[in-house]
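Listed below are the residues making up each chain.
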Amino acid sequence: MSTEPATKRRGKAAKEPAMGRDKLLAAYRDMLLIRRFEEKAGQLYGMGLIGGFCHLYIGQEAVVVGMQLALKEGDQVITSYRDHGHMLATGMEARGVMAELTGRIGGYSKGKGGSMHMFSREKGFFGGHGIVGAQVALGAGLSFANMYRGNDNVALTYFGEGASNQGQVYESFNLAALLKLPCIFIIENNKYGMGTSVERASASKDLSRNGSPWGIPGEQVDGMNVQTVHEAAQRAVAHCRAGNGPYLLEMKTYRYRGHSMSDPAKYRTRDEVQRMREQHDCLEMARNDLLAMGVTEGDLKAIDDEVKAIVQDSADFAQQSPEPPESELWTDVVIEEAR
Amino acid sequence: MGAEILMPALSPTMTEGKLARWLKKEGETVKSGDVIAEIETDKATMEVEAVDEGTITRILVPEGTENVSVNSVIAELDGGKGGGAAAPSPAASGDKVPEQREKAAPLPQAEDHEARAKKDEHPFAATAATPSAKPERDWGATQKITVREALRDAMAAEMRRDADVFLIGEEVAQYQGAYKVSQGLLDEFGPKRVLDMPITEHGFTGMAVGAAFTGLKPIVEFMTFNFSMQAIDHIINSAAKTLYMSGGQLGCPITFRGPNGAASRVAAQHSQCYASWYAHCPGLKVVAPWSAADAKGLLRAAIRDPNPVIVLENEILYGQSFECPTDEDFILEIGKAKIERPGTDVTIVAFSIMVGMAMQAAEKLAEQGISAEVINLRSLRPLDTETIVNSVRKTNRLVTVEEGWPFAGIGAEVAMQIMEHAFDHLDAPPVRVAGLDIPMPYAANLEKLALPRLEQVVEAARNVTYR
């Protein structure tokens, strides 16, 4: 396998862009927010303000942003522990996410979940799960609830190519196909499950076909380009909303940073990372497309400033918000509620 | 706007490192993502990336410096300060790095001791025990039904009451239940609410937990609890812990039920008691009914409970008949034990099928002039410590009975609760009667010997009463 995404990247001067100017601008802004947020999180980790595991999403931003823009009210999102980007894409507040990373009361989980465990019922974000592959069966359950309630909402179920070897993924594929669940399975193939390359972990060479024994349609998508992601998202969402059962998207993507903050990255070369950054960066691509559409440097600078301000504000908040009081030790273990 | 570049930590345990190399010189400009330096620890070499943009105006720590403290200023951007702290982030680098496993990073912090100290102030909360509330209500007229019927009636009643309740499991619909517990439910509620699942416990349990996160109230039937081992990750990591991890946002109103413990002649893989496994875990509730009334009242309570509840049934009890209240609203409270037989000389604590054996033992003991009080735990988490403690304060002696293994079992926990709350009231060391510490044998004679026997319970009671 080459290091290049399998599907061809859209040319910069494509005649019919998947996204109009406004949508692409929105996508650029959201991707930039995730990039800058994650850089700041890395910085706070370096200062010892964030503890434990911290899995950054830098490089993969186009995937969640392109998918999210195809959703509507009531749709759900669930993912693994590399979840900061997903949360920001669903519209969760940067402040609440950053304050959870620093373990403060102002965090989405009051400081009790951390980087890997945040949720927002309001934004349709169902976590934030630390057991590799567990979110796939849970995501099937979210889509089951949509079917049970008879609405046309869909559930986006993200997992990595590393998780794609877990048995419950295939149990979930079977259940989703059997029950015709409106579930979009999204494999974020960033090529490495921790330090093990996909070639060393998976006998399947085309993960988009992993649902084929159950008749689940699959596509390989250039996950570094937000427009191709968005096009695929629209096809998948339309398929699921129409009651045709699940859909599988393999996003060929790349993380620039280590698996977690303490990853020395022996398993890949600096050149490989550099090449992806220079030739396939989602922000650069979107930026060039936007400039070609007549957006000015000034417009982009304004977005840059807005995003920087949000991220700085979130970092300030995450340091000012107090640690959870000791009384929080004993809350939320079970719901104490009269029947 | 100037900023300082600080020495970054590579892990929560790192306190200092070597600044191996500067990749940028004073006067050079950097932008976000540029690699500016390399630092080394005993574990790894990492690249340091710039976060803020600007010109490096001063390098304060020359390359090659050892033992540079985390968070000390190593360089200044645009004259330093003013723009807030700007520690660069550590990034992955190439070679010359020894093996480093992610799990090695976080170590227990000093706060753990504080937390532990705090916990000691809440002995009841720390051990999932809750004081019992009001005395049990008299539900009036009763009728004799089997435990099987009681369980079915409980599900039917709750499904009529709440459209969000549904039943999934293997053979629960068309087959009418592997043990006929769900008989008739498909006819009444249809295939949308009574769903046959393929043999895929891990998958369908995860699916049910996901549905419960959205507010639906699934009942998951395991053909036996032995098969719940395939799904235990979702029961513990997904169902039991998410409420806490979400700061109270995401509850999981789900019921897991099915036969638990030994059946008859089905050998080791189909004859295990999971009571202490599940009762161990905060975030779960665990009940173990004995009679038909227990079964109906506790299962209804489990389905209505906003938390994940494990209902440990027993295959041998399914066909046994008991008086059960006919009141349509009959329900029991989770966390409340029942004194099945009052007595004054010894307290016998049991749950599930062992309550029947304890009752028989009490009968035999009465013939010998020993008055035994039998406590049917009903709920294992939360445990009704108050009822047990009050009983032991009266009898001063304790025997526990369970089918499961003795080591770290329910009996061990009950005995420890008594140590903590009624030690001075004991006139004899507590005795536990439990299954033998072996996998269940198949042979009829050996199986019989592996499970608690009536004479052992009687003997234990005689021993603690020194008769």
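Just so we're clear, the structure is a prediction, and the values are computed from it rather than from any experiment.

Engineer: How would you summarise the packing of helix H10 (residues 353–367) of chain B against helix H14 (residues 454–464) of chain B if you had to cite specific residues and measurements?
Structural biologist: All names here are of chain B. H14 packs onto H10 with a crossing angle of 55° between their chain directions and a minimal axis gap of 9 Å. When the interaxial angle is binned, H10 and H14 end up oblique. Crossing hand, H10 versus H14: right-handed. Residues Met357, Ala358, Gln360, Ala361, Lys364 and Leu365 of H10 form the contact with H14, whose own contacting residues are Leu454, Val457, Val458 and Ala461. In terms of residue class, the contact of H10 with H14 is built from eight nonpolar, one polar and one charged.

Engineer: Go over helix H5 (residues 201–213) of chain B, please, and point to the residues and values.
Structural biologist: All names here are of chain B. Over its 13 residues, H5 runs 18 Å from end to end, which matches the ideal 18 Å to within 8%, given 1.5 Å per residue. Taking burial as the measure, the 13 residues of H5 include 13 buried ones, the bulk of the element. Phi turns positive one or two residues past the end of H5, at Gly215, with a value near 110°.

Engineer: Got a sec to walk through the interface of chain A and chain B? Specific residues and values, please.
Structural biologist: Contacts between the two partners involve 62 residues from chain A, matched on the other side by 67 residues from chain B. When residues of the side of chain A that touches chain B are traced back to their parent elements, those giving at least two are helix H1 (21–46), strand S2 (125–128), helix H5 (134–149) and helix H6 (167–179) of chain A. When residues in the side of chain A that touches chain B are grouped by element, the largest group, ten residues, is from H5 of chain A. When grouped by side-chain class, the residues that make up the side of chain A that touches chain B number 26 nonpolar, 22 polar and 14 charged.

Engineer: Let's hear about the environment of Gly261 of chain B: which residues, and what values?
Structural biologist: All names here are of chain B. Assignment of secondary structure puts Gly261 in the loop between strand S14 (255–259) and helix H8 (275–279). A sequence separation of 16 residues divides Gly261 from Trp277, and the C-alpha atoms of the two residues are 12 Å apart. If sequence neighbours within four positions are ignored, Gly261 has contacts with Cys273, Asn314, Ser352, Ile353 and Glu403.

Engineer: If you had to explain the pairing of strand S5 (residues 45–49) of chain B to someone new, which residues and values would you point to?
Structural biologist: Residues and elements named next belong to chain B. The buried fraction of S5 amounts to five of the five residues, a majority that puts the element mostly inside the structure. Taking every second residue as pointing to the same face, both faces of S5 are buried, with Thr45, Glu47 and Glu49 on one and Met46 and Val48 on the other. Taken together, the five bridges between strand S4 (residues 35–40) and S5 define a ladder with antiparallel strand orientation. Note on S5: the bridge partner recorded for Ile39 is Met46.

Engineer: Could you give an account of the sheet that holds strand S1 (residues 3–6) of chain B, naming the residues involved and the relevant values?
Structural biologist: Residue and element names in this part refer to chain B. Strand order in this open sheet of four strands is S1-S8-S6-S3, and the pairing throughout is antiparallel. Since the sheet does not close on itself, it has two edges, and those belong to S1 and strand S3 (29–30), each with one partner. Of the pairings in the sheet, the one linking strand S6 (residues 54–59) to strand S8 (residues 73–77) comprises three bridges and is antiparallel in character. Considered in S8, the bridge of Arg58 is made with Glu76.

Scoring rules and cut-offs
- The numbering scheme is per chain: residues are counted from 1 as the chain's sequence reads.
- Each chain gets a letter, beginning with A, and each ligand a number, beginning with 1, in the order they are written.
- Local features in this predicted model are restricted to residues whose pLDDT is 70 or higher, and side-chain atom pairs enter the listing and the counts only when it is 80 or higher, whereas totals over whole chains, interfaces and linings include all residues.
- Think of each axis as a best-fit line through the C-alpha atoms, taken over the contacting stretch in the case of a helix, with angles from 0 to 180 degrees between the N-to-C directions.
- Each helix is a run of H or I in the DSSP string that is no shorter than four residues. Each strand is a run of E no shorter than two, and both are numbered from the N terminus.
- Here the word oblique covers every angle except those under 35 degrees (roughly parallel), over 145 (roughly antiparallel) and from 65 to 115 (roughly perpendicular).
- Helix crossings get a hand from a simple test, with the near helix turned counterclockwise from the far one by less than a right angle marking a left-handed crossing and a clockwise turn marking a right-handed one.
- C-beta atoms are placed from the backbone for every residue, and two residues are taken to be in contact when these atoms lie within 7 Å.
- Residue polarity is assigned by list, with Asp, Glu, Lys and Arg as charged and Ala, Val, Leu, Ile, Met, Phe, Trp, Tyr, Cys and Pro as nonpolar; anything else, Gly included, falls into the polar class.
- Here, expected helix span is obtained from the residue count minus one, scaled by 1.5 Å.
- In this scheme the burial state of a residue depends on its C-beta neighbours within 10 Å: 20 or more other such atoms mean buried, 12 or fewer mean exposed, and anything in between means partly exposed; the C-beta positions come from the backbone.
- If DSSP finds at least two bridges between two strands, the strands pair.

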